[in-house]
Amino acid sequence: MGSKFMTHKPVRRSLFSDFRKQKYLFILLLPGTLYLLVNNYLPMIGTIIAFKKVNYVKGIFGSPWVGFDNFKFLFTTTDAYVITRNTVLYNLVFIALGLLFAVAFAVLLNEIRIRFVAKFFQSALFFPHFLSFVVVGYLVYSLLSIENGFVNKHLLSVLGKDPINWYNEPNYWPFILTSVHLWKSVGYGTVIYLAAIVGVDASYYEAALIDGASKWKQFTNVTLPSLVPIITILTLMSIGHIFYADFGLFYQVPLNSGMLYPTTLVIDTYVYNILTSPLHGDLGMATAAGLYQSLVGFVLVLLSNGLIRKINKENALF
Amino acid sequence: MHVLSFGRRIFLTVNYTVLVLLACSCLLPFINVLATSLSSSPAVNAGEVSLWPVDFSLASYRYIVSNPAFVGSFGITLERVALGTAVNMLLTIMLAYPLSKDNRSFRLRTVYVWVFVFTILFHGGLIPWYMTIKMTHLLDTIWALILPGAVPVFNVILLLNFFRSLPKELEESSFIDGAGHWTTMWKIYVPISMPAIATILLFTMVGHWNSWFDGLILMNSPKHYPLSSYLQTVIIQMDYSQLKQEDIDLLAVISNRTTKAAQIIVGALPILIVYPFLQRYFVKGIVLGSVKE
């Protein structure tokens, strides 16, 4: 690089040329920014629907204000309790079991020394992640359907049990949804934790071997402690999203069966069902439910980010 | 190779067993659908098909290819993947480049980054979002599948971090040669960031291919559904009430179950094809995303 140029450059760079250059940066940003204003910031203003009694004749802006009535009404129904409970409990279970299985499988995979075989297992585990929930919903349906489902036709009949109408029995669904979630997402976590395990300095293991540490001791004293930072970060991030449910899982896998709502309805599907119901339901209240989700979710993300910052500034989102 | 201890051998046996069972649970349901789609309808209805086609037949595939609803939605999906990925990538690059500059050369950078990050942290919720799209008259047009997701902020942050990790001298020497931002971005930054861009591109394409919710909610008429949304409606249909007379004649060779299976396979096909080859990019991508900077 021409050093003659460089020695003069910082002095010569005037405020004016700075501005000239920045102007082009702004032009680059313009389309994306305009888009965000319409697509993301306009709906934020749209949350005023939550404080209105929606009247289709008068339109949203003409509809009368009702203060916090929509929220009051929402929280006097049992719906609010059920959807909050389902959303939060499912997420808690998903976070705990997802972590447990992902770390366990990563450790198991790491023990396979034949590269080709290890790659095959990882690919197989990771595969469901790339299927859309429409496909997953169909796979589950082909297992559980009353007429042709594999479970009813081949498993229960062999055991001499009566077929179960799975899509009418809410009691089974916490197990089904948890299994489907884990089936679809554990491969993803496994890939992340495996990358972290492979990255652990091999000399730690050599030192442990010299001290005569068993495999289990190596796991508890070397592998696990080296995973703690990434486990903490990822778990806190998931906790930040505990108020958001995976719409595809909760809508498509139970096929939106009304009988299952007590154990499958979450905030996201609740709002969707009101929006798409033939009479459009109570839009004000559904918007209120959505806003309640966004606000609590926002606070949780801030809290979890604050915690991440305290542990390791580098890993915080902001 | 040294001899393994007894305990080690037991562990490996258990380990392989667990992993083989897991791999089976991930792959077998799908293989069953594949076998079903390639079998004749009587064999499927008799429950003879497990993992290998019985009475091999392509009748279901021939049927769905001649089904205008299926073919139409397939075309819409191709259109949205092409257009949507192009728009996504263009905007992602155009946003990541200026936001990757340091605060000295781009004074308002911090404010801007916040404007973007805030949209991840807080959003208005489904109903105001839907109303916005309705107000902008996108409903029932292909743009409803493209514009609402046009700026994937998370990808912008990924690429921005990648750009920031590049040496500053690249940009400086490009400016000395008389290039502006536009040229520097396309001729220097983009080619050098190909690994990151390829990863984002793949995730974007898979995302567009698989996405069904937007089609379902933003398209009033089923003839505008992309493939995944169309499949969603097909799966829920469980009766034969919508079939016409000529279809009923077809039922001798095909059935609701074999055609559903065939459509599911076609719906997942592109991913099945690219997955084995591109898996390492996906792996790289999620590791990149989980470890910031």
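Given the structure is predicted, the values throughout are model-derived calculations rather than measurements.

Within chain B, the secondary structure is distributed over 14 helices and zero strands. For chain B, with 293 residues in total, the buried portion stands at 50%. Counting only contacts in chain B whose residues sit at least 6 apart along the sequence, the fraction spanning at least 24 positions is 70%. Total accessible area on chain B stands at roughly 13,700 Å², and carbon and sulfur atoms take up 70% of it.

Turning our attention to the domain arrangement of chain A. All names here are of chain A. Here the domain parsing of chain A yields domain 1 (15-62) and domain 2 (69-315). The C-alpha centroid of domain 2 is placed 33 Å from the C-alpha centroid of domain 1. On the domain 2 side, the residues contacting the seven residues of domain 1 number eight residues. Counting the surface lost from both domain 1 and domain 2, the interface buries some 640 Å², and carbon and sulfur atoms represent 67% of this. The class makeup of the residues in the side of domain 1 that touches domain 2 is five nonpolar, one polar and one charged.

Counting residues at the interface gives 92 residues for chain B and 85 residues for chain A. Summing both sides of the interface, chain B and chain A together bury roughly 8,400 Å²; the carbon and sulfur share of this comes to 76%. Contact with chain A buries area across many residues of chain B, yet Leu 121, Phe 122 and Ile 127 of chain B alone supply 8% of it, more than any other trio. Summed over the shared surface of chain B and chain A, the result is one salt bridge. Where Arg 8 of chain B meets Glu 111 of chain A, a salt bridge forms, and the shortest distance between an N and an O atom there is 2.9 Å.

With that settled, the discussion passes to the pattern of salt bridges. Two side chains that carry opposite charge are able to pair once their charged atoms sit near each other. Taken as a whole and judged by the stated rule, the model has seven salt bridges over all chains. A salt bridge links Lys 72 of chain A to Asp 69 of chain A; the shortest N-O distance between them is 3.8 Å. Of this pair, Lys 72 of chain A and Asp 69 of chain A both sit in helix H4 (residues 69-76), three residues apart, which is roughly one turn of the helix. Assessed through its relative accessible area of 39%, Asp 69 of chain A is described here as partly exposed. Its salt-bridge partner being Asp 102 of chain B, residue Lys 168 of chain B comes within 3.9 Å of it at the nearest N-O pair. Of this pair, Lys 168 of chain B sits in helix H8 (residues 168-176) while Asp 102 of chain B sits in the loop between helix H4 (68-99) and helix H5 (109-121), placing them 66 residues apart in sequence. Lys 168 of chain B sits in the partly exposed class, given a relative accessible area of 35%.

Counting residues in each nonpolar core, the largest one holds 143 residues, and the members touching the most others are Leu 131, Tyr 167, Val 253 and Tyr 270 of chain A. Looking at this core, the element that brings in the most residues is H4 of chain B, giving 12 residues. Lining this core are residues from two domains, each supplying at least three of them: domain 1 (15-62) and domain 2 (69-315) of chain A. Those residues in contact with Tyr 270 of chain A, other than ones at most four positions away along the chain, are Leu 74, Asp 79, Ile 83, Leu 265, Met 285 and Ala 289 of chain A. Grouped together as the second largest cluster of nonpolar side chains are 30 residues, Ala 102 and Val 103 of chain A together with Leu 22 and Ala 23 of chain B included.

Here we take up the layout of surface pockets. Its boundaries defined by the atoms lining it, the second largest pocket holds a volume of some 1,000 Å³. Surrounding the second largest pocket, 39 residues form its lining, Leu 139, Ser 142, Leu 143 and Phe 150 of chain A together with Asn 32 of chain B being those nearest its centre. Where the lining of the second largest pocket is concerned, the elements lending two or more residues are helix H7 (133-144), helix H8 (150-158) and helix H9 (173-198) of chain A together with helix H1 (6-37), helix H2 (41-45) and helix H14 (256-290) of chain B. With eight residues, H7 of chain A is the largest single contributor of residues to the lining of the second largest pocket. Each residue belonging to the lining of the second largest pocket can be placed in one class, and the counts come to 21 nonpolar, 14 polar and four charged.

On to the UniProt feature "transmembrane region" (unreviewed entry) in chain B, then. Residues and elements named next belong to chain B. Taking the numbering used here, the UniProt-annotated feature "transmembrane region" (unreviewed entry) corresponds to residues 81-99, 111-130, 142-163, 188-209 and 261-278. Its end C-alpha atoms 32 Å apart, residues 142-163 is made of 50% helix and 0% strand. Helix makes up 100% of residues 261-278 and strand 0%. Its end C-alpha atoms lie 25 Å apart.

Residue and element names in this part refer to chain A. Counting all residues, the mean pLDDT for chain A is 84, and 91% of those residues have values of 70 or more. Across chain A, element-level confidence peaks in helix H5 (residues 78-110) with a mean pLDDT of 93 and bottoms out in helix H1 (residues 3-12) with 44. Ignoring residues within four places in sequence, the model shows residues 1-12, a span with pLDDT below 50, making five contacts including any to other chains.

A few words on the packing of aromatic side chains. Following the criterion strictly, the structure yields 37 aromatic pairs over all chains and no others. Aromatic pair Phe 247 of chain A and Trp 212 of chain B: ring centres 6.1 Å apart, planes at 35°, arrangement tilted. A residue pair is termed interchain when its members come from two chains, as with Phe 247 of chain A in helix H12 (residues 247-252) and Trp 212 of chain B in the loop between helix H10 (194-210) and helix H11 (213-218). There is no split in this pair, since Phe 247 of chain A and Trp 212 of chain B are both buried. Summarising the aromatic geometry, the rings of Tyr 251 of chain A and Trp 212 of chain B are spaced 6.2 Å apart at their centres and angled 20° between planes, so their arrangement reads as stacked. Here the residue Tyr 251 of chain A occupies a position in helix H12, and Trp 212 of chain B occupies one in the loop between H10 and H11, the pair thus bridging two chains. By way of ring pairs, the aromatic residues Phe 247, Tyr 251 and Tyr 272 of chain A together with Trp 212 and Phe 213 of chain B are connected into one cluster. Lying across the ring of Tyr 24 of chain A, Lys 23 of chain A places its NZ or CZ 5.4 Å from the centre. Above the ring of Phe 133 of chain A, the side-chain terminus of Lys 184 of chain A is found at 4.7 Å from the ring centroid.

This brings us to the packing of helix H6 (residues 115-126) of chain A against H1 of chain B. Taken N-terminus to C-terminus, the directions of H6 of chain A and H1 of chain B make an angle of 40°; their axes are 8 Å apart at the nearest point. If you check the angle between H6 of chain A and H1 of chain B, you find them oblique. Regarding H6 of chain A and H1 of chain B, the two cross each other, and that crossing is left-handed. Judged by residue contacts, Val 117, Phe 120, Phe 121, Ala 124 and Leu 125 of chain A of H6 of chain A engage Tyr 16, Leu 19, Val 20, Leu 22, Ala 23, Cys 26 and Leu 27 of chain B from H1 of chain B. Here the residues of the contact of H6 of chain A with H1 of chain B sort into 12 nonpolar, no polar and no charged.

Bringing the environment of Tyr 251 of chain A into the picture now. Owing to a relative accessible area of 10%, Tyr 251 of chain A belongs among the buried residues under this scheme. Residues within four places of Tyr 251 of chain A in sequence aside, it is in contact with Asn 256, Thr 269, Tyr 272 and Asn 273 of chain A together with Trp 212, Leu 216 and Gln 232 of chain B.

A word on the confidence of the model for chain B. Low pLDDT means the predicted atomic positions in that stretch should not be read closely. All names here are of chain B. Averaged over all residues, the pLDDT of chain B equals 82, while 88% of them reach at least 70. Element-level mean pLDDT values for chain B span from 53 in helix H13 (residues 245-250) up to 92 in H4. A low-confidence stretch, residues 238-243 stays under pLDDT 50, and its non-local contacts, those more than four residues away or across chains, total 10 contacts. Two summary scores accompany this predicted model of the complex, namely pTM at 0.85 and ipTM at 0.83.

Analysis parameters
Here the residue numbers are simple positions, counted from 1 along each chain's written sequence. Chains and ligands are labelled sequentially in the order written, the chains with letters from A and the ligands with numbers from 1. Under the rules for a predicted model, residues below a pLDDT of 70 receive no local features and side-chain atom pairs below 80 are neither given nor counted, while totals for whole chains, interfaces and linings still include all residues. To obtain the side-chain values, all non-hydrogen atoms of the structure were included, while hydrogens and water were left out. Strands are runs of DSSP state E lasting at least two residues, helices are runs of H or I lasting at least four, and both sets are numbered from the N terminus onward. A simple rule labels every residue: compare its accessible area, found with a 1.4 Å probe on the protein chains alone, to the largest value its type can have, and call it buried under 20%, exposed over 50%, or partly exposed in between. In what follows, residue pairs with any heavy atoms lying within 4.5 Å of each other are defined as contacts. Using a 1.4 Å probe, the Shrake-Rupley method yields the accessible areas, and only the shown protein chains count as cover for residues. These domain boundaries are the output of an automatic or database domain assignment. Note: buried area is the sum, over both parts, of the accessible area (probe 1.4 Å) each one loses when the two are combined. Polar here means any residue outside two lists: the nonpolar Ala, Val, Leu, Ile, Met, Phe, Trp, Tyr, Cys and Pro, and the charged Asp, Glu, Lys and Arg; Gly therefore counts as polar. Throughout this description, the term salt bridge denotes a Lys or Arg side-chain nitrogen within 4 Å of a carboxyl oxygen of Asp or Glu. As used in this record, nonpolar core signifies buried Ala, Val, Leu, Ile, Met, Phe, Trp, Tyr and Cys residues forming a set joined through side-chain atoms within 4.5 Å. Only protein atoms enter the 1 Å grid used here. Points where a 1.4 Å probe fits but cannot escape make up a cavity, open sets with protein on both sides within 12 Å along at least five of seven lines make up a pocket, and a residue lines them when an atom lies within 4 Å of a point. Grid points are joined across faces, edges and corners, and a volume is the space filled by probe spheres set on the points. UniProt positions are given in the numbering used here, feature names are shortened, and annotations may be inferred rather than shown by experiment. On a range of 0 to 100, pLDDT expresses the predictor's confidence in each residue. Each pair of aromatic rings taken from Phe, Tyr and Trp, with Trp reduced to its six-membered ring, is defined by centres within 6.5 Å and is described as stacked if the planes are under 30 degrees apart, edge-to-face if over 60, and tilted in the remaining cases. Throughout this description, the term charge over a ring refers to an Arg CZ or Lys NZ atom that lies within 6 Å of the ring centre and within 35 degrees of the ring normal. Orientation is described by lines fitted to C-alpha atoms, with helices fitted over the stretch in contact, and by angles between N-to-C directions that extend from 0 to 180 degrees. For this classification, under 35 degrees means roughly parallel, over 145 means roughly antiparallel, 65 to 115 means roughly perpendicular, and everything else is oblique. Rotating anticlockwise by less than a right angle from the far helix to the near helix defines a left-handed crossing, while the corresponding clockwise rotation defines a right-handed one.

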